[in-house]
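Fold and geometry: a report
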Amino acid sequence: MKAQSQQARASIFAKLNAAPRAPKSNELPAWQAWSSENSQTRVERLLGCMEASHTEIIRTEKGSIETALTECIQSNGFGKVLFSKNSPLKEAVANQCSNATAMKYDQTMEALKTTLFQEVDASVNVIKAAIADTGTLAIVTGEDEPRALSLVPPVHIAILHESDIVSNFSELMASTFWKEAGWETQPPTNLVLVSGPSKTADIQQTLAYGAHGPKRLILILVKE
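In this report, the structure presented in the accompanying data block is examined. (Residues numbered from 1 in each chain as written. Predicted model: local features only at pLDDT ≥ 70, side-chain atom pairs only at ≥ 80, totals over all residues. Heavy atoms only, no water.)

Time to look at the overall build of the protein chain. Scanning the protein chain from terminus to terminus reveals eight helices and 12 strands. A globule of 224 residues ought to have a C-alpha radius of gyration of about 17 Å, yet the protein chain, at 23 Å, is considerably larger. Along the three orthogonal principal directions, the C-alpha set of the protein chain runs to about 80 × 45 × 35 Å. Pairs at least 24 apart in sequence give 69% of the contacts found in the protein chain among residues at least 6 apart. If you sum the accessible surface of the protein chain, you get close to 13500 Å²; carbon and sulfur atoms cover 50% of it. (Helix = DSSP H or I, 4+ residues; strand = E, 2+ residues; numbered from the N terminus. Rg over C-alpha atoms; globule rule 2.2 N^0.38 Å. Contact = heavy atoms within 4.5 Å. Areas by Shrake-Rupley, 256 points an atom, 1.4 Å probe, with all protein chains shown as cover.)

Have a look at this one:
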């Protein structure tokens, strides 16, 4: 049996060694990150990528954020909506959405675990930066913006201003967002990059949403 195994192994390696080989090249393929200095072009690129990833888009004006948010919550029938600890939008929703309970993420994960995983219908946060090239939202997590806020509830409502959209990741690293997060001096422990609702395709290649996070991503894009 051992001799047969060794013969089979030798036969396999002989075939591999005899196979034609491509000439070695040390040159990397030509590539350059997508970029545009035109703000509207960046907006269109971001929306195209995010819509392709099944993100739901709501367009609104700068003075109508609260209206767009409350209409979104009411039309979807969200019962419990979770906000970051210092979000001013929580009070607006509490006052204008009589059928919804607006909550703040102001407790420890242990204290909020049951509510967070079993009761909250949607979470809301303001996105400070986004990458047009890949249709990606960037979130620096921390005490005021816990990682679970955007990763656990079944629906994630993200509010983004058009002026906070950069072309690519390199531009993100040179932006005010990056510097304010302290990446050059005291890097935060986590950076969440969101490019659509959570999805996975298992062995049977059946696409399923919400397997490892929100099954819906709603983007409220604010025109400026």
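This next bit is on a nonpolar patch on the surface. On the surface, a cluster of nonpolar side chains totalling about 310 Å² of accessible area is made up of I12, F13 and L16. For F13, the position within the fold is in helix α1 (residues 2-18). (Patch = residues over 30% accessible without salt bridge, like charges linked within 9 Å, V, L, I, M, F, W, Y side chains within 5 Å. Salt bridge = Lys/Arg side-chain N within 4 Å of Asp/Glu carboxyl O.)

On to the nonpolar core. L69, I73, F78, F83, V124, I157 and I159 are the most contacted members of the largest nonpolar core, which has 21 residues in total. At the level of secondary structure, the elements contributing two or more residues to this core comprise α3 (65-76), β2 (80-84), α4 (89-96), β4 (122-127), β7 (155-161) and β12 (216-223). For this core, the element with the most residues is α3, which contributes five residues. The contacts of F83, once residues within four sequence positions are left out, are L69, L89, K90, V93, A102, M103, K104, Y105, V124 and L149. Counting 17 residues, the second-largest nonpolar core is a separate cluster that includes A158, L160, L217 and L219. (Core = buried A, V, L, I, M, F, W, Y, C linked by side-chain atoms within 4.5 Å. Buried < 20%, exposed > 50% of the residue type's maximum accessible area, 1.4 Å probe, protein only.)

This part covers the packing of α3 against α4. Where α3 contacts α4, the axes come no closer than 10 Å and their chain directions differ by 55°. By the criterion of interaxial angle, the relationship of α3 to α4 is oblique. Crossing hand, α3 versus α4: right-handed. Together, I65, E66, L69, T70, I73 and Q74 of α3 and L89, A92, V93 and Q96 of α4 make up the contact between the two elements. Of the residues belonging to the contact of α3 with α4, the class tally is six nonpolar, three polar and one charged. (Axes fitted to C-alpha atoms, helices over the stretch in contact; angles between N-to-C directions. Parallel < 35°, antiparallel > 145°, perpendicular 65-115°, else oblique. Left-handed = near helix turned anticlockwise from the far one by under 90°. Nonpolar A, V, L, I, M, F, W, Y, C, P; charged D, E, K, R; others polar.)

This paragraph deals with helix α2 (residues 39-52). With 14 residues, α2 extends 20 Å between its outermost C-alpha atoms, agreeing within 8% with the 20 Å of an ideal straight helix rising 1.5 Å per residue. For α2, the complete set of buried residues consists of R42, V43, L46, L47 and M50. Buried residues of α2 fall within an arc of 130° about the axis and therefore sit on the same side. Along α2, the residues that are exposed and aim more than 90 degrees away from the buried face are E44 and A52. Along its buried surface, α2 packs onto β1 (56-61), β5 (129-131), β6 (136-140), β7, β8 (165-166) and β12. One side-chain oxygen at the N-terminal end of α2 lies 2.9 Å from the backbone nitrogen of Q40; it belongs to N38. Phi turns positive one or two residues past the end of α2, at H54, with a value near 70°. (Expected span 1.5 Å × (residues − 1). Arc of directions from axis to C-beta. Polar contact = N/O pair within 3.5 Å; in protein donor to acceptor, adjacent residues only side chain to side chain.)

The pairing of strands in a sheet happens through backbone hydrogen bonds and is either parallel or antiparallel. As summarised here, the arrangement of the six strands in space is β1-β12-β7-β4-β2-β3, forming an open sheet in which the pairing is parallel. The open sheet has two edge strands, β1 and β3 (101-105), and neither has a second partner. The average undirected angle you get between the axes of adjacent strands in this sheet is 25°. Direction of pairing for β1 relative to β12: parallel, over a ladder of six bridges. Within β12, the position partnered with I58 by the bridge is I220. The sheet contacts of α2 involve β1, β7 and β12, and relative to β12 the element is tilted by about 165°. (Pairing = 2+ DSSP bridges.)

Moving on, we get to the packing of aromatic side chains. Enumeration over the complete set of coordinates arrives at two aromatic pairs. Here F169 and W178 contribute two aromatic rings whose centre-to-centre distance is 5.8 Å and whose plane-to-plane angle is 80°, an arrangement assigned as edge-to-face. Owing to a relative accessible area of 9%, W178 belongs among the buried residues under this scheme. An angle of 20° between the planes, with centres 4.6 Å apart, marks the rings of W178 and W183 as stacked. What links up through ring pairs into an aromatic cluster is the set F169, W178 and W183. (Phe/Tyr/Trp six-rings, centres within 6.5 Å; stacked < 30°, edge-to-face > 60°.)

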